[in-house]
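Here are the chains, one letter per residue:
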Amino acid sequence: MSRVRPGVEVRRDWGSDDTGASILHVDMDAFFASVEIARRPHLRGRPVVVGGKERSVVLAATYEARAFGVHSAMPMARALRLCPHAVVIPPDHRTYREVSRQVMAVLAEVTPLVEQISVDEAFLDVAGARRRLGPSSHIAERIRTQVRERHGITCSVGVAANKFVAKLASTFAKPDGLLLVPREATVPFLRTLPVESLWGVGEQTRAALARWGITTVAELADSDVALVQRAVGAAAGAHLHDLAWGRDPRPVRPGRTEKSIGAESTFGRDQRDMDVVEARLRELADECGARLRKQGLVARTVSVKVRTSDFRTLTRSRTLTSPTDVGREMFLVGRELLAAVDLRGLAVRLVGIRGEGLSSAAATPVQPTFDELALGGQAEAPGSVRAAAEQAMDEVRERFGSAAIAAGVIPERRQGPSTTHLASGQLS
Amino acid sequence: MKFRVERDVLADAVTWTARSLPTRPPAPVLAGVRIEADPQGVLHLASFDYEVSARSQIPADVSEGGTVLVSGKLLAEISRSLPDKPVDVELDGTKVQVSCGASRFTLLTMPVEEYPTLPAMPETVGVFDGEELAHAVAQVTVAASRDDTLPLLTAVRVEIEGEKVTLLATDRYRLALRELDWRPASPDISTAALVRAKTLSDVAKSLGSTPEVTVALSTGSGVDLVGFESGGRVTTSLLVDGDYPAVRRLFPDETPIHAVVDTQALIDAAKRVALVAERNTAIRLAFSEGQVVLAAGQGDDAQASESIEARLEGEDIMVAFNPHFLLDGLGALDTPFVRFSFTHPNKPVEFTGQKDLEGDDDRSYRYLLVPIRFAA
């Protein structure tokens, strides 16, 4: 939502009555960059950018770097043109995950009703915690203080009557701020915003609404719902109209874990050799599988992302018959998806793979294959033999580091579009 | 080239010939249908994508012979939408004029000389009853894999032994086997072929309404090809290459537990109970004396259960199935009763059909399904 520039109007005080505002949206400020600065205090006050080499994208930028127009997801090369003296730090995802876990633990001390959205964002419903800890805005300040004191990083908190408004409020509170939107102020607050502030309004929806003369939330709210539906479709129209009136009935759902686990990688040079792209996809799938196993999760859907040299991004996904945590299975599906993407003859800039529809491996019923049954009682995990091999790889990595072992490729004779071979008498 | 043809006849033939044209053809000409007008009063239509070819012929009033190549999908759509009047088709330079009543269409042609040569129909090996073939193919292809990561399993294995043909398909979770009779060209024929399930199913649907389907096969002599011919329509397809796993051994030798249930009653109950089984989660079947209890959902999720009459021989048993796979198997049976044969709750369960509650099962169709296993 960084494209929505907060106007002066929005930042003003919307009142102090927080009795009807029990939803908090906690959002870390420039999270990866803040973590890096917390352990390198001499960088404080300087423009810092977290990201890989030249051809990758910015993962996080401090507010000092943002002042130069740098923002996350921007290609690194462009960021360095805008801000040549920026300090570039390669990402350290392991540390970010650990800090994230500790911050979430701070939130869990407030209430069990915490819904983690991503590594650096969460919703809290503090309706019940208020008896113990005081009004919502006190709780919000308490969280901000504790995160700052324990981890040396700042966060912004939006306090409102529902999730959607709380999330908007935290955006406008940034950086290192707090914005309370009392229940009564919900509609006046929304009416100050452009229509693209609403969840789900991207470029296409914005343009579709603009054709009907709707550019602000106020105009959207004052339009007949039927008109909005004609502009953007029945379901989206009704939903947007509700949002414009501050109606968002979704509860805070605790215990929701990560929605997906994925890995992607940008090539040093745009890649035309699909064998190289495929080999990279194999490594990424392997990494995804390892992360799924580490968290005890299985993925029901595999999705592949490809970005071509013209920056067009394509994604394709397929739902599996039986959820998996085996990198090889993800790769086989990923390779099919990749082959079906129409690259329009362009080279590949980035490739990624992602496991979605995650659930706990222990609680997910397993649909075994004939082969897994034939192996007898040992086939406890999906994928049987292959799963066992990858678990062994996990153990090697645990002891000797992640570079110690990787899935290899035996060069095969190319036979048509696929190189999958089945040993006779075996089904997989 | 110039001809006049009945609108229904044209629409039907073009739709059939163009039905398997690829949406994204490797070469533009492969999106075309080739029309050859024979002054003898016959139109020959053809399509080909290097794997599957289709040919049909229809009577037409040909005043000038010739051959053109036009977009198959477009011509099919146009001919279906035309008014019910004779259709006039004429080549005019590089364009084809299609006129029917007051409608006029101009289609671009593609270079006929770039169109590949269609494979010749191989030698005839036997003849099926169209309806029986269609039914058998539908019963078996439910179990074939749709997953292109396992190309071999997207095929149906066709085993031919004299007057008996066996169709087999599996996606690793279930296995379907169907035996049927045919009239072989030679009584001592013994061979096997792998035909892509999608192609076979398509052929069965489009040719199954005819009384007889002739099958042609060439294996081991260069290109491995299968051909089907019926009522002037010919389809050929490349065979799938590879060693199909030895799946017959998966059928259990002995099954100490049997249960017989009314097929339709079970389908109806399973559909209701499956409403609470989210995608791919299980439907549980608990068999005991006189009944089977179907149940799905557990813990905090929505739950459903229903019991129906069943006749059980052997010990009580409970199995869990993917509801989709269960319904596929039950739907493929064409008998009033289904017989389940069990060895163990975690071992594959065999489905067969039978006419009466008491009596023997019909072994010509067997569906074997691996139960879902619950984590401890």
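Remember, it's a predicted structure, so these values are computed and weren't measured experimentally. (Residues numbered from 1 in each chain as written. Chains lettered and ligands numbered in written order. Predicted model: local features only at pLDDT ≥ 70, side-chain atom pairs only at ≥ 80, totals over all residues. Heavy atoms only, no water.)

*Asks:* Quick rundown of unusual backbone geometry? Include the residues and the values.
*Replies:* Residues and elements named next belong to chain A. K174 connects to P175 through a cis peptide bond whose omega is -10°. Turning to its location among the elements, P175 is positioned in the loop between α8 (163–173) and β8 (178–180). A positive phi angle, near 40°, is found at A30, a position not held by glycine. Under the relative-accessibility criterion, A30 is labelled buried at 7%. We note that F311 has phi near 70°; this positive angle belongs to a residue other than glycine. Relative to the helices and strands, F311 resides in the loop between β10 (297–308) and β11 (313–324). Using a relative accessible area of 41% as the deciding quantity, one classes F311 as partly exposed. (Helix = DSSP H or I, 4+ residues; strand = E, 2+ residues; numbered from the N terminus. Buried < 20%, exposed > 50% of the residue type's maximum accessible area, 1.4 Å probe, protein only.)

*Asks:* If you had to explain the sheet that holds strand β2 (residues 32–38) of chain B to someone new, which residues and values would you point to?
*Replies:* All names here are of chain B. Spatially, β6-β2-β3-β4-β18-β17-β16-β10-β14 is the arrangement adopted by the nine strands of the open sheet, whose pairing is antiparallel. Each edge of the open sheet carries a strand with a single partner, namely β6 (66–71) and β14 (183–184). Here β2 runs beside strand β3 (residues 42–48); their pairing, made up of five bridges, is antiparallel. If you follow E36 over to β3, its bridge partner there is H44. Lying over the sheet, helix α1 (residues 7–18) contacts β2, β3, β4 (52–59) and β18 (233–238), oriented at roughly 170° with respect to β4. Running at roughly 90° to strand β10 (residues 124–129), helix α3 (residues 130–141) makes contact with β10 and β16 (212–218) of the sheet. (Pairing = 2+ DSSP bridges. Contact = heavy atoms within 4.5 Å. Axes fitted to C-alpha atoms, helices over the stretch in contact; angles between N-to-C directions.)

*Asks:* I'd love a proper account of the pairing of strand β26 (residues 349–354) of chain B, names of residues and values included.
*Replies:* All names here are of chain B. Burial within β26 is extensive, with six of its six residues counted as buried. Burial of β26 is two-sided: the residues V349, F351 and G353 facing one way and the residues E350, T352 and Q354 facing the other way are all buried. By the bridge criterion, five bridges tie strand β25 (residues 337–342) to β26 in an arrangement that is antiparallel. Bridging from a neighbouring strand, V338 pairs with G353 of β26. Adjacent in sequence and paired antiparallel, β25 and β26 are bridged by six residues. Sheet analysis places β26 next to strand β27 (residues 362–369), joined by four bridges and oriented antiparallel.

*Asks:* Hey, could you go over the sheet that holds strand β3 (residues 58–61) of chain A for me, with residue numbers and the actual values?
*Replies:* Residue and element names in this part refer to chain A. What the three strands build is an open sheet, ordered β3-β2-β4; its pairing is mixed. Edge positions in the sheet fall to β3 and β4 (87–89), since each of these pairs with one other strand and no more. Looking at each pair of strands side by side, their axes are set apart by 25° on average, direction ignored. For strand β2 (residues 48–51) and β3, the ladder comprises three bridges, and the chain directions are antiparallel.

*Asks:* Which residues make up helix α5 (residues 93–110) of chain A, and what values do they have?
*Replies:* Turn by turn, an α-helix covers 3.6 residues, leaving residues three or four places apart pointing in a common direction. Residue and element names in this part refer to chain A. Here α5 is 18 residues long and its end C-alpha atoms lie 26 Å apart, about the 26 Å a rise of 1.5 Å per residue gives. Along α5, the residues that are buried comprise Y96, V99, S100, V103, M104, V106, L107 and V110. On an axial view of α5, the arc spanned by its buried residues comes to 145°, and they lie on one face. The exposed set on the far side of α5, more than 90 degrees from its buried face, consists of R94 and R101. (Expected span 1.5 Å × (residues − 1). Arc of directions from axis to C-beta.)

*Asks:* Can you explain the environment of G329 of chain B? Please cite residues and give values.
*Replies:* All names here are of chain B. Residue placement: G329 occurs in helix α6 (residues 323–332). G329 gets classed as buried once you look at its relative accessible area, which sits at 0%. Here the alpha-carbon distance between G329 and V142, two residues 187 residues apart in the chain, equals 7.9 Å. Beyond its immediate sequence surroundings of up to four residues, G329 is in contact with F351 and Y367.

Geometry only, nothing functional implied.
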